[in-house]
Amino acid sequence: MISNVILKTKKNDIAYNNINKFFKVHVYDSGLDYYTMYQIKESLKDISIFFSKQVLLDFLDILDVKFDIKLYSIQLKKYNCEQDYFKDSTLVNIGNLSTFSEIGIIGFSDKIIESIIDVLFGGKNILQDCSNNSYTLKKYDVKIIEKIIDIIKKSYCMSWKKKHGIDIEFSNFRLVEKAHLDSIIPNNSIFLFTIFKIKCGNKLGFLNISLSFSFIKKFKNELLEKHKNKIFFEKKHVDKISLKMIYNLKINLDVKLVGLSLLLSKISFLKIGDIIFINTPENALAFSNNIPVISGKYKMYKNKYVFFVKNFLI
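Since we're looking at a predicted model, the values are computed, not measured.

Participant: Now, about the side chain of Asn 208: what can you tell me, with residues and values included?
Facilitator: Along the chain, the position of Asn 208 falls in strand E10 (residues 203-212). Take Asn 208: its relative accessible area is 3%, and that puts it in the buried class. A polar contact of 2.7 Å, which involves the side chain of Asn 208, links it to the backbone oxygen of Tyr 85. One polar contact links Asn 208 to Ser 210, side chain to side chain, over a distance of 2.8 Å. With near-sequence residues (within four places) excluded, Asn 208 lies in contact with Tyr 85, Phe 86, Ile 105, Ile 106, Gly 107, Phe 193, Thr 194 and Ile 195.

This is the structure we're talking about:
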């Protein structure tokens, strides 16, 4: 069975203003291993964030222009020839992962490729060399794109190694038109799409690194183990914090009593020794690190000024 349709009705789905109860329809695709994805997603995020930082350094070494890259999303999807998974990309790089037969794809937004080529060599718009949707790349265009992809592959593989001790390798990568992917990738193949937002100079675009999910699952245990150890360490650290330690912490409170406004013309004529009349405040707030914590009143008690607590704000 390719997919199941699950109907759920929530009691709280009854809105007010005479709107009737309605059914919510949720589509669950049993072919996708959502549970494995849920288990390893934090580890995949760690890899992607490390990759973002590493590839940023690598590109800054060769580009004399503002360059930035950040993780945008991690998605588990079936490949469908009718959908556009490589946004704004006319050309993509496709190859194999390590010694396995699984597929890996790297796609850049066209304008990012153009921007990098322009920065490096004053460039050439490779997308204009076309006729009847067939792209003719000059030899130096291909070399530049290959160099860019080599940087991506190197940084991405390093990220898996550094974060989780996993050796992965890309091989047999070749540049193809995105339109030709349908003849290469079987429909309904399951991929992990890791998408990054990129800014190169004044150009904005995307980088999409897509890996066969069957390949990712081969390393499920390694990805889980690292994350479990992290959670265990955090819990163990929390258990060592006693109530005595917590209650002995000092919290600095700043009590704000008065707020007033003066015309700039009056402030400009003030001098040392002048008096500004204020009204005795009734209500006051106590702040900790500029966050209001307690509300109260300003009073006299046993010939002393006190802050009388009324409410806690957190």
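Participant: Tell me what's going on with the confidence of the model for the protein, and back it up with residues and numbers.
Facilitator: Low-pLDDT stretches of the model should not have their predicted coordinates read in fine detail. Here the protein shows a mean pLDDT of 76. Residues at 70 or above account for 75%. The weakest mean pLDDT in the protein belongs to strand E1 (residues 4-8) at 38; the strongest belongs to strand E9 (residues 190-200) at 91. pLDDT under 50 marks residues 1-27. Its contacts with residues more than four places away, or in other chains, come to 31 contacts. Below a pLDDT of 50 lies the segment residues 124-134, which in the model reaches 26 contacts outside its immediate sequence neighbourhood of four places, other chains included.

Participant: With reference to specific residues and values, describe the packing of aromatic side chains.
Facilitator: A full pass over the atoms with the stated rule returns 15 aromatic pairs. Here the aromatic rings of Phe 86 and Phe 193 are separated by 6.4 Å at their centres, their planes lie at 65°, and the arrangement is edge-to-face. Pair noted here: Phe 86 is in the loop between strand E3 (67-78) and strand E4 (91-97) and Phe 193 is in strand E9, with a separation of 107 residues, a long-range link. Both residues of the pair, Phe 86 and Phe 193, count as buried. Site record: aromatic cluster; members linked through ring pairs are Phe 51, Tyr 156, Trp 160, Phe 170, Phe 173, Phe 196, Phe 215 and Phe 219. Geometry around Phe 308 places Lys 299 over its ring, the cationic atom sitting 4.5 Å from the centre.

What counts and how
Residues numbered from 1 in each chain as written. Predicted model: local features only at pLDDT ≥ 70, side-chain atom pairs only at ≥ 80, totals over all residues. Heavy atoms only, no water. Helix = DSSP H or I, 4+ residues; strand = E, 2+ residues; numbered from the N terminus. Buried < 20%, exposed > 50% of the residue type's maximum accessible area, 1.4 Å probe, protein only. Polar contact = N/O pair within 3.5 Å; in protein donor to acceptor, adjacent residues only side chain to side chain. Contact = heavy atoms within 4.5 Å. pLDDT = per-residue confidence, 0-100. Phe/Tyr/Trp six-rings, centres within 6.5 Å; stacked < 30°, edge-to-face > 60°. Lys NZ or Arg CZ within 6 Å of the ring centre and 35° of its normal.

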